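Here is how the chains run, residue by residue.
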Amino acid sequence: MAAPRSVLLLSGKRKSGKDFVAEELRNRLGPDVCTVLRLSGPLKEQYAKEHGLDFERLLDASAYKEKFRQDMIRWGEEKRRGDPGFFCRAAVQGALQPVWVVSDTRRLSDVEWFRATYGGAVQTVRVVATEETRKRRNWVFVAGVDDAESECGLDQGVAFDWVITNDGDEVALGEQLEELVQSVRRSL
């Protein structure tokens, strides 16, 4: 596996549009140049194996996933305490493109692992949306989820390289993404 030229660590609250922004970046850069990685994928896969659950159903935005979310968060925290890079290493396995977009960076330990491993190639990107916009996207505050480290771990302690506002203004979002894409292209 060749080292990436650029690693974009996306973070943001639930329903801020992290996955949408990640896919937009991949589309603009092209799938031969950019891959989207998810730290939650390896977590959900391992959790499903250990608990006899349907891995595919844990990947979508379903009630099935929500039913297990709090226990999955607790379980993931236990794994990270033993090995902070466990899910990061699993997520990057097999990634070949020169640009990696990690769509669900949630903890300072994730940022620290990527920085220690890939150094100057790493940039942090915060995706923000107002609470009103998130509610329009069917977000509802859930105690134990929206106030847990998995949602709040990067609310402080990180000076973000980029802040992308994703409140539904397609033109403004497009301009922000184009600026980020041009910056990434300069690193290639």
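Chemist: Looking at this model, I keep getting lost on empty space enclosed by the protein. Mind explaining?
Modeler: Here the idea is plain: a probe the size of a water molecule rolls over the atoms and shows the empty space left. Under the defined criterion, the tally for this structure stands at one cavity of 30 Å³ or more. In this structure, the largest cavity encloses a volume near 50 Å³. Considering the residues around the largest cavity, the lining is formed by Ser11, Gly12, Lys18, Thr105, Arg106, Arg126, Ser150, Glu151, Cys152, Gly153 and Leu154. Tallied by class, residues from the lining of the largest cavity come to two nonpolar, five polar and four charged.

Chemist: Is there a simple way to think about the nonpolar core in this case?
Modeler: In globular proteins that are soluble, nonpolar side chains generally tend to be buried together. Ranked by internal contacts, the top residues of the largest apolar core, which has 20 residues, are Leu8, Leu10, Val21, Leu25 and Val101. Contributions of two or more residues to this core are made by β1 (6-11), α1 (18-29), β2 (34-37), β3 (99-102), β4 (122-128), β5 (162-165) and α9 (170-186). Broken down by element, this core gets its largest block of residues, five residues, from α9. Residue contacts for Leu8: discarding those within four places in its chain leaves Leu25, Trp100, Val101, Val102, Gln123, Val125, Leu180 and Val184. Residues Leu9, Val102, Val111 and Trp113 belong to the second largest nonpolar core, which totals 17 residues.

Chemist: Just to check I follow, could you spell out the pattern of salt bridges for this structure?
Modeler: Where charged atoms from two side chains of opposite charge come close, those side chains can pair. Following the criterion strictly, the structure yields 17 salt bridges and no others. Two residues, Arg69 and Glu66, come together in a salt bridge whose shortest N-O distance is 2.8 Å. Placement of the pair is Arg69 and Glu66 together in helix α4 (residues 63-82), with a separation of three residues, close to one helical turn. One salt bridge connects Glu132 with Arg136, and the closest N-O pair in it is separated by 3.2 Å. On the criterion of helical spacing, the pair formed by Glu132 and Arg136 is a turn pair, its members being four residues apart in helix α7 (residues 131-136). For the pair shown, Glu132 and Arg136 are each scored as exposed.

Reading the values: rules and limits
- Residues numbered from 1 in each chain as written.
- Predicted model: local features only at pLDDT ≥ 70, side-chain atom pairs only at ≥ 80, totals over all residues.
- Heavy atoms only, no water.
- 1 Å grid on protein atoms, 1.4 Å probe; cavity = no way out; pocket = protein on both sides within 12 Å on 5 of 7 lines; lining within 4 Å.
- Points joined across faces, edges and corners; volume = space filled by probe spheres on them.
- Nonpolar A, V, L, I, M, F, W, Y, C, P; charged D, E, K, R; others polar.
- Core = buried A, V, L, I, M, F, W, Y, C linked by side-chain atoms within 4.5 Å.
- Buried < 20%, exposed > 50% of the residue type's maximum accessible area, 1.4 Å probe, protein only.
- Helix = DSSP H or I, 4+ residues; strand = E, 2+ residues; numbered from the N terminus.
- Contact = heavy atoms within 4.5 Å.
- Salt bridge = Lys/Arg side-chain N within 4 Å of Asp/Glu carboxyl O.

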